[in-house]
Amino acid sequence: MIKRKMFITLLALNCTWLMANPIDEMFDYYQQAGVTTVDSQKGRLLWTQAFITEKSNGEERSCASCHGSNVTQSGEHVRTSKVIEPMAKSINTKRYTDTKKIKKWFKRNCKWTLGRECSAQEQADILKYLITQ
Ligand code: HEC
């Protein structure tokens, strides 16, 4: 009987682990990195803020350069002209379902756009903005 109870408990634990939401995981991770408050409004401003980096040859870059400033609509890659599906979670449920993907693209796109990686605070604000659109 005890064995059976343990088995069921383990099964339940395992299920919660499997169902762990990648978005929650990202916010846990930001919290561990010292983020205490998250502000989607700041995220929205950062999304359209123009940056000129060492590598951009005077060209202004922003997240909106590829994703567009209206995240409920598709974007277009500024270099390849490929369509990029909407970033708003309400429109595109396939968004933010894989922490590896989220981390990879934050890293790559922040480097390209800002000329550096985004801080945990910046990422948290942006992600909050995107998931509430
Ligand atoms: C040069 C074009 C470009 C720019 C500029 C850009 N992105 Fe992206 N981004 C992409 C592409 C391409 C993908 C991968 C394809 C996809 O997910 O549709 C992507 C994917 C992402 C993802 C992954 C989303 C998911 O589904 O998990 C995040 C997060 C992201 N971008 C954030 C940003 C942020 C933040 C900025 C501004 C700092 C930014 N991007 C600027 C091209 C760009």
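Rules behind the numbers
- Residues numbered from 1 in each chain as written.
- Predicted model: local features only at pLDDT ≥ 70, side-chain atom pairs only at ≥ 80, totals over all residues.
- Helix = DSSP H or I, 4+ residues; strand = E, 2+ residues; numbered from the N terminus.
- Rg over C-alpha atoms; globule rule 2.2 N^0.38 Å.
- Buried ≥ 20, exposed ≤ 12 C-beta atoms within 10 Å, placed from the backbone.
- Contact = placed C-beta atoms within 7 Å.
- Core = buried A, V, L, I, M, F, W, Y, C linked by C-beta atoms within 7 Å.
- Near = placed C-beta within 6 Å.
- Nonpolar A, V, L, I, M, F, W, Y, C, P; charged D, E, K, R; others polar.
- Axes fitted to C-alpha atoms, helices over the stretch in contact; angles between N-to-C directions.
- Parallel < 35°, antiparallel > 145°, perpendicular 65-115°, else oblique.
- Left-handed = near helix turned anticlockwise from the far one by under 90°.

Draft legend 1. The arrangement of the overall build of the protein in detail. Helices and strands together make up the secondary structure of the protein, namely six helices and two strands. For the protein, the N- to C-terminal ordering of α and β elements is α-α-α-α-β-β-α-α. Here the protein has a C-alpha radius of gyration of 18 Å; the compact-globule value for 133 residues is 14 Å, and the former is much larger. Dimensions along the principal axes, computed over C-alpha positions, put the protein at roughly 70 × 30 × 25 Å. A buried classification covers 20% of the 133 residues belonging to the protein. Sequence separation of 24 or more characterises 54% of the internal contacts of the protein that already satisfy a separation of 6 or more.

Draft legend 2. Spatial organisation of the nonpolar core. The biggest cluster of nonpolar side chains holds 13 residues, and the ones touching the most others in it are Met 26, Trp 47, Ile 126, Leu 127, Tyr 129 and Leu 130. Only helix 2 (22–32), helix 3 (40–48) and helix 6 (120–131) provide two or more residues apiece to this core. The dominant element in this core, judged by the number of residues it contributes, is helix 6, at five residues. When sequence neighbours within four positions are dropped, the list of residues in contact with Ile 126 reads Gly 43, Leu 46 and Trp 47.

Draft legend 3. Structural detail: the site of the ligand. Taken together, the neighbourhood of the ligand is formed by 22 residues, with Cys 63, Cys 66, Trp 105, Asn 109 and Thr 113 sitting nearest. Elements with a minimum of two residues in the shell around the ligand: helix 4 (64–67) and helix 5 (99–114). Looking at the shell around the ligand residue by residue, the classes come out as twelve nonpolar, five polar and five charged.

Draft legend 4. Structural context of the packing of helix 2 against helix 6. Between helix 2 and helix 6, whose axes approach to 10 Å, the crossing angle comes to 155°. Relative to helix 6, helix 2 is oriented roughly antiparallel. For the element pair helix 2 and helix 6, the recorded crossing hand is left-handed. Residues Ile 23, Met 26, Phe 27 and Tyr 30 of helix 2 lie in contact with helix 6, whose contacting residues are Ala 120, Gln 123, Ala 124, Leu 127 and Ile 131. When grouped by side-chain class, the residues that make up the contact of helix 2 with helix 6 number eight nonpolar, one polar and no charged.

Draft legend 5. Representation of the environment of Phe 106 within the structure. Summarising the element assignment, Phe 106 is placed in helix 5. Taking the number of C-beta atoms within 10 Å as the measure of exposure, Phe 106 has 18 and is therefore partly exposed. Sequence separation of Phe 106 and Gly 75 is 31 residues, and the distance between their C-alpha atoms is 16 Å.

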